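Architecture at a glance
For reference, the chains in residue letters:
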Amino acid sequence: MYCESRVAHVYFGDVEHIRPKAQDKYPELEFEWSNHGYCCARCNNAKKDQFDNDYPLIDPYSEDPNTHLLAFGSLLMHKAGSERGALTISTVDLNRPELIEQRSIRINELRNAIDACYRTSSNAVREMLLSALNQESEADKEFSMFAAALIAANQLELG
Ligand SMILES: [Zn+2]
């Protein structure tokens, strides 16, 4: 829910308590579905029991992260003036070196696919490649925010 990494193929993933379940925080929300998220251990460990009711972390289940965050190359940035975006990035450590490396690999794969779209002289092949690219920016895909930004920056017309 935070870093957009694929976690299920290497382990089961963590149940994130958006509002911490610690006794001095929100123990009554420990089993509340709307307080649960699916996240990786690295994000869960970075976040720990941090939560500020006045500046809650961006919750991708109930709001659009694009309102607060933007993909800039392989870096995640907060939009100008979004304190919650800035807080989410620092609290969950969303520009840790391993993430930047994985995003770069993903971006390079997508760039190759974009180049292939431009290179082909076949309209049918171009349509097929553009359709495949379009799917890479869907929310269930790894680093979809970065894929969407790259596709938008290249002004590809997607059907
Ligand atoms: Zn994560």
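Just so it is clear, the model here is predicted, and its values are computed rather than measured.

Rules used throughout
- Residues numbered from 1 in each chain as written.
- Predicted model: local features only at pLDDT ≥ 70, side-chain atom pairs only at ≥ 80, totals over all residues.
- Heavy atoms only, no water.
- Domains from an automatic or database assignment.
- Contact = heavy atoms within 4.5 Å.
- Buried area = accessible area lost by both parts, 1.4 Å probe.
- Salt bridge = Lys/Arg side-chain N within 4 Å of Asp/Glu carboxyl O.
- Polar contact = N/O pair within 3.5 Å; in protein donor to acceptor, adjacent residues only side chain to side chain.
- Helix = DSSP H or I, 4+ residues; strand = E, 2+ residues; numbered from the N terminus.
- Buried < 20%, exposed > 50% of the residue type's maximum accessible area, 1.4 Å probe, protein only.
- Lys, Arg positive; Asp, Glu negative; His and termini not counted.
- Donors = N, O, S within 2.8 Å, 3.2 Å for Na, K, Ca; no water.
- Core = buried A, V, L, I, M, F, W, Y, C linked by side-chain atoms within 4.5 Å.

Quick notes on the domain arrangement of the chain
Domain boundaries in the chain define domain 1 (14-95) and domain 2 (98-153). Between the C-alpha centres of domain 1 and domain 2 the distance comes to 27 Å. Residue-level contacts link 14 residues of domain 1 with nine residues of domain 2. Both sides together, the interface formed by domain 1 and domain 2 hides about 830 Å², and carbon and sulfur atoms give 66% of it. Linking domain 1 to domain 2 there are one salt bridge. Among the ionic pairs, Glu 98 bridges to Arg 42, the shortest N-O distance being 3.6 Å. Applying the counting rule to domain 1 against domain 2 returns three residue pairs in polar contact (both at pLDDT 80 or more). Of all the secondary-structure elements, those providing two or more residues to the side of domain 1 that touches domain 2 are strand S3 (69-72) and strand S4 (75-78).

A word on the side chain of Arg 103
Summarising the element assignment, Arg 103 is placed in helix H3 (residues 97-119). The side chain of Arg 103 sits in the buried core without any salt bridge; Glu 4 is the nearest counter-charge, 6.2 Å away. Every residue in contact with Arg 103, bar those within four places of it in the chain, is listed here: Ser 74, Leu 75, Leu 76, Leu 94, Asn 95, Phe 143 and Phe 146.

Re the coordination of the zinc ion
Looking at the metal site, the zinc ion is ligated by Cys 3 (SG), Cys 40 (SG) and Cys 43 (SG), spaced 2.3 Å from it. Cys 43 sits in the buried class, given a relative accessible area of 0%.

Things to note about helix H5 (residues 144-153)
Turning to H5, its buried residues number three or more, namely Ser 144, Met 145, Phe 146, Ala 147, Leu 150 and Ile 151. The inward-facing, buried residues of H5 abut S3, S4, H3 and helix H4 (123-136). Phi for Gln 155, located one or two positions after H5, is positive at around 50 degrees.

Some words on the nonpolar core
In terms of nonpolar packing, the biggest core is built from 18 residues, with Tyr 2, Cys 43, Leu 76 and Leu 94 touching the most fellow members. Within the residue set of this core, elements represented by two or more residues are S3, helix H2 (83-92) and H5. Formed jointly, this core draws a minimum of three residues from each of two domains, domain 1 (14-95) and domain 2 (98-153). Excluding anything up to four places from it in sequence, Cys 43 contacts Tyr 2, Cys 3, Val 92, Leu 94 and Arg 96. One finds Cys 117, Leu 133, Ala 147 and Leu 150 within the second-largest nonpolar core, a separate group that totals nine residues.

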